[in-house]
Amino acid sequence: VAKGRGRNCFEFYRHRMRSDADARLKLSGRLRKAIEGGQLHLNYQPQVDMRTGEVRGLEALVRWRDEEHGIVSPVDFVAVAEASGLVTALGEWVLRAACQQAAVWRELQLVPVPISVNVSPLQLQRADIVATFQRVLRETGTDPALLELEVTETALMKNPEASARRLAEFRRLGMRVAIDDFGMGYSSLGQLRALPVDRIKIDRAFVRGIGAGDSGAIATAVVTLANAFGLAVIAEGVETQAQRAFLVGLGCVEAQGFLFSKPLDADAATRLLMQGAVLPVATGHEHRGRH
Ligand code: C2E
Ligand code: MG
Ligand code: MG
Ligand code: MG
C-alpha cells in the first residue's frame, strides 16, 4: 500500500511540476509580449510626512494588465521575469517609464517629487546595470537626485560585498538607495554599517500589529538603528491612526500606507501633484488613541 501511494505521490508531483513549468513558460511568453507591447504600466504610491501629509516621494509599482488573466500582481510576475531572463528588460522598462512620467510632470512645471524604483536582486547582479541606468537617465533628461533605488534587505544579504560596490556606483552618480522590506533579512550591524545606503524602509510585517497587541519593539529597534547609523527611515504599510501616532512618537515621520493613499494610477498621481501634493492625515479620531 505504502509503495503504491508513494508512486502515486511521485506521479502527482511530476505532473504538477510539468504543468507548473508549462504554465511558467506560457506566462513568460506573455510577459515578454507585454513588456514589448505596452501592457505594463506604473502606479505611484505616495510617501508622506505623517505630521503634515506632504508628499515627499512616490514609489513606482509595476502593473500588468493581461487580456486573459486580468491584472497580474508583481509578486507573481517579477518572479517569472527573474526565472526566464526577462528581468533586465522589465527593470529597464520600469525605470524608463518612471523617468518619462517625471518628464511629463516637469513639462507641467509641477514641483519635482523624487521617485523610488524597485530593483530586483538579479537585475542588480548584471554588470551593465549602472551603464544602462545612466543611459536611461540621460535619454529622459532625469536628474539622478530625483531617483531612489529600492533593494530588499534579503537581496542585499545574499551578496553583501558585490551589492555594496554596485550601490556605491549608483550613489556616486547622484542617485539615492533604500533598503526595502527591512527587518526580515537579519543583517548584522556590521553588514548594515558597511552598506552605502541612504535610508531604511521598515517592512510592513513590523508595522501591521502595532496598536493591535504588538509592542512595536522591532519597529522601535529599526528606528534606533537608523538613527545610530545616520540613515533616514520610512515605514511601510501604515493603515491605522494608532500606527501613525506610534511611529511619529518614535521619530519615524515618513510612511507609505493605505491610511494615506493606495498606489495611484498616473492620472490620479498627476492630480495629487497639481493639487499641491498634500494628503489628509488627521481624521479627528487621533486624540482618542492611547498615548
Ligand atoms: P514593495 O516594494 O515592498 O512595495 C510595497 C507593496 O506594499 C506594494 O504592493 C503596495 O501596494 C503595498 N502596500 C503599500 N501600503 C500598504 C498598506 O497600507 N497595506 C497593505 N496591505 N499593503 C500596502 P505591490 O504593488 O503589489 O508590490 C508588491 C511587491 O512587488 C513590491 O513590494 C516589490 O517588491 C515588487 N515590485 C513592484 N513593482 C516592482 C518593479 O517595478 N520592479 C521590481 N523588481 N519589483 C517590483
Ligand atoms: Mg519597494
Ligand atoms: Mg517594501
Ligand atoms: Mg514588501
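Below: a short report on this structure. This structure is a prediction, so every number in the text was calculated from the model and none was measured.

Describing empty space enclosed by the protein
- All told, the structure shown has one cavity of 30 Å³ or more when counted by the stated rule.
- For the largest cavity, the calculated volume is near 60 Å³.
- Every residue along the wall of the largest cavity is listed here: Thr88, Glu92, Gln123, Arg126, Asp128, Ile129, Thr132 and Phe133.
- Listing elements by their share of the lining of the largest cavity, those giving two or more residues are α3 (87–107) and α5 (129–140).
- Among the elements that make up the lining of the largest cavity, the one with the highest residue count is α5 (three residues).
- Split by residue class, the lining of the largest cavity holds two nonpolar, three polar and three charged.

Describing the layout of surface pockets
- Considered as a void within the structure, the largest pocket measures approximately 1300 Å³ in volume.
- Of all elements in the fold, only β2 (55–66), β3 (70–72), α2 (74–83), α3, α4 (121–125), β5 (147–152), α6 (153–158) and β6 (176–182) reach the threshold of two or more residues within the lining of the largest pocket.

Some remarks on the coordination of the magnesium ion (ligand 2)
- All of the protein donors around the magnesium ion (ligand 2) are Glu59 (OE), Asn118 (OD1), Glu150 (OE) and Asp180 (OD); their distances to the metal are 2.0 to 2.2 Å.
- Along the chain, the residues that donate to the magnesium ion (ligand 2) are spaced as E-x58-N-x31-E-x29-D.
- Taken as an interatomic distance, the gap from the magnesium ion (ligand 2) to the magnesium ion (ligand 3) is 3.9 Å; Asp180 donates to each of them. Note that Glu150 is positioned in strand β5 and Asp180 in strand β6, a separation of 30 residues in sequence.
- Residue classification places Glu150 among the buried residues on the basis of a relative accessible area of 1%.
- The class of Asp180 is buried, set by a relative accessible area of 5%.

Examining the pairing of β5
- The element β5 is largely enclosed, with a buried count of five among its six residues.
- Here strand β4 (residues 115–118) pairs with β5 via four bridges, running parallel. Looking at β5, one finds that Ile115 is bridged to Leu147.
- Pairing of β5 with β6, which is carried by five bridges, proceeds in the parallel orientation. Residue Glu148 lies in a different strand from β6, and its bridge partner there is Arg176.

Side note on the site of ligand 1
- Around ligand 1, 22 residues are found, and the nearest of them are Arg63, Asn118, Asp180, Glu239 and Phe258.
- Within the side chain of Asp181, an N or O atom sits 3.1 Å from an oxygen atom of ligand 1.
- Within the contact set of ligand 1, an oxygen atom lies 2.8 Å away from a backbone nitrogen or oxygen of Phe258.
- Across the complex, the protein chains shield 83% of the 800 Å² of accessible surface that ligand 1 would expose by itself.
- Elements supplying a minimum of two residues to the shell around ligand 1: β2, α2 and β6.
- Examining the composition of the shell around ligand 1, we find that four residues originate from one element, β2, more than from any other.
- Tallied by class, residues from the shell around ligand 1 come to nine nonpolar, five polar and eight charged.

Focus on unusual backbone geometry
- One non-glycine residue with positive phi stands out, namely Asp181, at about 50°.
- Note on placement: Asp181 falls in strand β6.
- Unusually for a residue other than glycine, Ala277 sits at a positive phi of about 60°.
- On the secondary structure map, Ala277 appears in the segment after α11 (266–274).
- Here Ala277 falls in the buried class, since its relative accessible area comes to 12%.

Remarks on a nonpolar patch on the surface
- Taken together, the side chains of Val104, Leu108 and Met274 define a hydrophobic patch exposed on the protein surface, amounting to about 280 Å² of accessible area.
- Its location among the elements puts Val104 in helix α3.
- A relative accessible area of 41% means that Val104 is categorised as partly exposed.

As for helix α7 (residues 160–172)
- With 13 residues, α7 extends 18 Å from end C-alpha to end C-alpha; this agrees with the ideal 18 Å at 1.5 Å per step.
- Contacts made by the buried residues of α7 are with α4, α5, β5, α6, β6 and α8 (189–194).
- Positive phi appears at Gly174, one or two residues downstream of α7, with a value of about 100°.

What counts, and where the lines are drawn
- Residues numbered from 1 in each chain as written.
- Chains lettered and ligands numbered in written order.
- Predicted model: local features only at pLDDT ≥ 70, side-chain atom pairs only at ≥ 80, totals over all residues.
- Heavy atoms only, no water.
- 1 Å grid on protein atoms, 1.4 Å probe; cavity = no way out; pocket = protein on both sides within 12 Å on 5 of 7 lines; lining within 4 Å.
- Points joined across faces, edges and corners; volume = space filled by probe spheres on them.
- Helix = DSSP H or I, 4+ residues; strand = E, 2+ residues; numbered from the N terminus.
- Nonpolar A, V, L, I, M, F, W, Y, C, P; charged D, E, K, R; others polar.
- Donors = N, O, S within 2.8 Å, 3.2 Å for Na, K, Ca; no water.
- Buried < 20%, exposed > 50% of the residue type's maximum accessible area, 1.4 Å probe, protein only.
- Pairing = 2+ DSSP bridges.
- Near = heavy atom within 4 Å.
- Polar contact = N/O pair within 3.5 Å; in protein donor to acceptor, adjacent residues only side chain to side chain.
- Areas by Shrake-Rupley, 256 points an atom, 1.4 Å probe, with all protein chains shown as cover.
- Patch = residues over 30% accessible without salt bridge, like charges linked within 9 Å, V, L, I, M, F, W, Y side chains within 5 Å.
- Salt bridge = Lys/Arg side-chain N within 4 Å of Asp/Glu carboxyl O.
- Expected span 1.5 Å × (residues − 1).
- Contact = heavy atoms within 4.5 Å.

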